[in-house]
Amino acid sequence: MSDDPFLTHRGLLFTVAYEMLGSAADAEDVVQETWLRWAEVDRSPVRNPRAYLVRIVTRQSLNRLRTLSRRREQYFGEWLPEPLLTSPDVAEDVELAESVSFAMLTVLETLGPAERAVFVLREVFEAPYEEIAEALGRTPDAVRQIAHRARGHVAARRPRRSVDQAEQRVAVERLLTAISTGDLQGLMDVLAPDVVLVSDGGGLAPSVRKPVAGARKLAALLLGGTAKLTEKFVATPIWLNGAPGARIDLGGRLAAAISVTVENGRITRIYSVANPEKLARLDAEAPLSR
């Protein structure tokens, strides 16, 4: 059973599904559906099990994307991806870490289903155009055109971020220290003037419904919010989606996950996920791989 290609490539299949869906729960469902289909198929004519499994997981993800897009249109406030606890090893694969970052996943949300699938399979997993075409039921030439459009779309919207993990870790630690100690000047020093906070509570947890822009406005919000807390506030640095991030606990319970983008040592964007339905994956490292 250990030689089963499905088990060998399970991490890859989960990663493909997660990057296409932005939801670990839905990605797990898709991987399970892929296993059921794989278990039923006659494998004797399958020459490339990896490509075959990726094709199944891609088609299942595309089917689920249509349902998710309708669900997200009715979502309360800002929608953010489901955060994943990751190992430091994921950060060492710069391209993989970039592809699962909050910055990238939020950009991928602006693509159509076919564009998202092509971008993920081609740019992240370097799948041949012919394999992608077979998965999508398109011609290789059509896939090349979709890939060209998707690359342009992503390049125009992708926030700049530091790939220096040490720099990002220091920025996260400075942010957490400033918030925990109520240090306004320390907070202003680590926030870029045009910093933006995006918060996702899903209507189930306190959050700001619209993005908050500007260092002064955001600092007042963060320090004002923590000053009013009646429960013990604990901020812990963790590896989140391939980069340094943090978890916030209030009164001994997990309340939020924080991811940031950093440029020139200062935080340009903060993503805060407080929706309790999205915080279930922070107890065990996610099996991400390429």
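The structure presented is a predicted model; accordingly, all values stated were derived computationally and were not measured.

A. A look at the nonpolar core. Ranked by size, the top nonpolar core spans 53 residues in total, and within it Phe-14, Tyr-18, Leu-108 and Leu-136 carry the most contacts. Where this core is concerned, the elements lending two or more residues are helix H2 (10-21), helix H3 (24-40), helix H4 (49-73), helix H7 (102-108), helix H8 (113-124), helix H9 (129-136) and helix H10 (140-157). Discounting residues that sit within four places of it in the chain, Leu-108 has contacts with Glu-19, Arg-116, Phe-119, Val-120 and Val-154. Judged by nonpolar contacts, the second largest core, of 27 residues, contains Leu-176, Ile-179, Val-260 and Ile-267.

B. Broad picture of the side chain of Asp-4. Of note, Asp-4 is situated in the segment before helix H1 (5-8). Residue class for Asp-4 comes out buried when judged on its relative accessible area of 7%. Polar side-chain contacts of Asp-4 include one of 2.8 Å to the backbone nitrogen of Phe-6. When near neighbours in sequence (up to four residues on either side) are disregarded, Asp-4 contacts Trp-35, Trp-38 and Arg-43.

C. Seen up close, the side chain of Glu-115. Tracing the backbone through its elements, the reader meets Glu-115 in helix H8. Setting aside residues up to four positions removed in sequence, Glu-115 forms contacts with Ile-146, Arg-149 and Ala-150.

D. Layout of the packing of aromatic side chains. For the coordinates displayed, the defined rule picks out four aromatic pairs. Consider the rings of Trp-38 and Tyr-52, whose centres lie 5.9 Å apart with planes at 55°: the pair is tilted. Taken together, the residues Trp-38 in helix H3 and Tyr-52 in helix H4 connect sequence positions 14 residues apart. With respect to burial, Trp-38 and Tyr-52 carry one shared label: buried. Positioned over the ring face of Tyr-129 is Arg-122, at 4.1 Å from the centre of the ring. Lying across the ring of Phe-76, Arg-209 places its NZ or CZ 4.1 Å from the centre.

E. Representation of the pattern of salt bridges. Using the criterion set out here, one finds 21 salt bridges in the structure. When the shortest N-O distance is used, the salt bridge between Asp-141 and Arg-144 registers 3.5 Å. Remark: Arg-144 and Asp-141 occur in helix H10; sequence separation between them is three residues, near one turn of the helix. Take Asp-141: its relative accessible area is 53%, and that puts it in the exposed class. Of the charged contacts in the structure, one is a salt bridge between Asp-249 and Arg-247, with a shortest N-O distance of 2.9 Å. An identical accessibility class is assigned to Asp-249 and Arg-247; each is buried. Ionic contacts of the salt-bridge type, sharing partners, join the residues Asp-26, Asp-29, Glu-33, Arg-64 and Arg-71 into one network.

F. Here's a closer look at the sheet that holds strand E3 (residues 233-240). A sheet is described by the order of its strands in space; here six strands give the open sequence E2-E1-E6-E5-E4-E3, paired in mixed fashion. The open sheet has two edge strands with one neighbour each: strand E2 (212-213) and E3. Across seven bridges, strand E5 (residues 253-263) lies against strand E6 (residues 266-273) in antiparallel orientation. For Ile-258, the partnering residue across the bridge sits in E6 and is Ser-272. On the sheet, helix H11 (residues 165-181) packs against strand E1 (191-200), E3, strand E4 (243-250), E5 and E6 and is oriented at approximately 20° with respect to E4. Sheet contacts for helix H13 (residues 215-227): E1, E2, E3 and E6; angle to E1, the most-contacted strand, approximately 50°.

Thresholds, definitions, all that
- Residues numbered from 1 in each chain as written.
- Predicted model: local features only at pLDDT ≥ 70, side-chain atom pairs only at ≥ 80, totals over all residues.
- Heavy atoms only, no water.
- Core = buried A, V, L, I, M, F, W, Y, C linked by side-chain atoms within 4.5 Å.
- Buried < 20%, exposed > 50% of the residue type's maximum accessible area, 1.4 Å probe, protein only.
- Helix = DSSP H or I, 4+ residues; strand = E, 2+ residues; numbered from the N terminus.
- Contact = heavy atoms within 4.5 Å.
- Polar contact = N/O pair within 3.5 Å; in protein donor to acceptor, adjacent residues only side chain to side chain.
- Phe/Tyr/Trp six-rings, centres within 6.5 Å; stacked < 30°, edge-to-face > 60°.
- Lys NZ or Arg CZ within 6 Å of the ring centre and 35° of its normal.
- Salt bridge = Lys/Arg side-chain N within 4 Å of Asp/Glu carboxyl O.
- Pairing = 2+ DSSP bridges.
- Axes fitted to C-alpha atoms, helices over the stretch in contact; angles between N-to-C directions.

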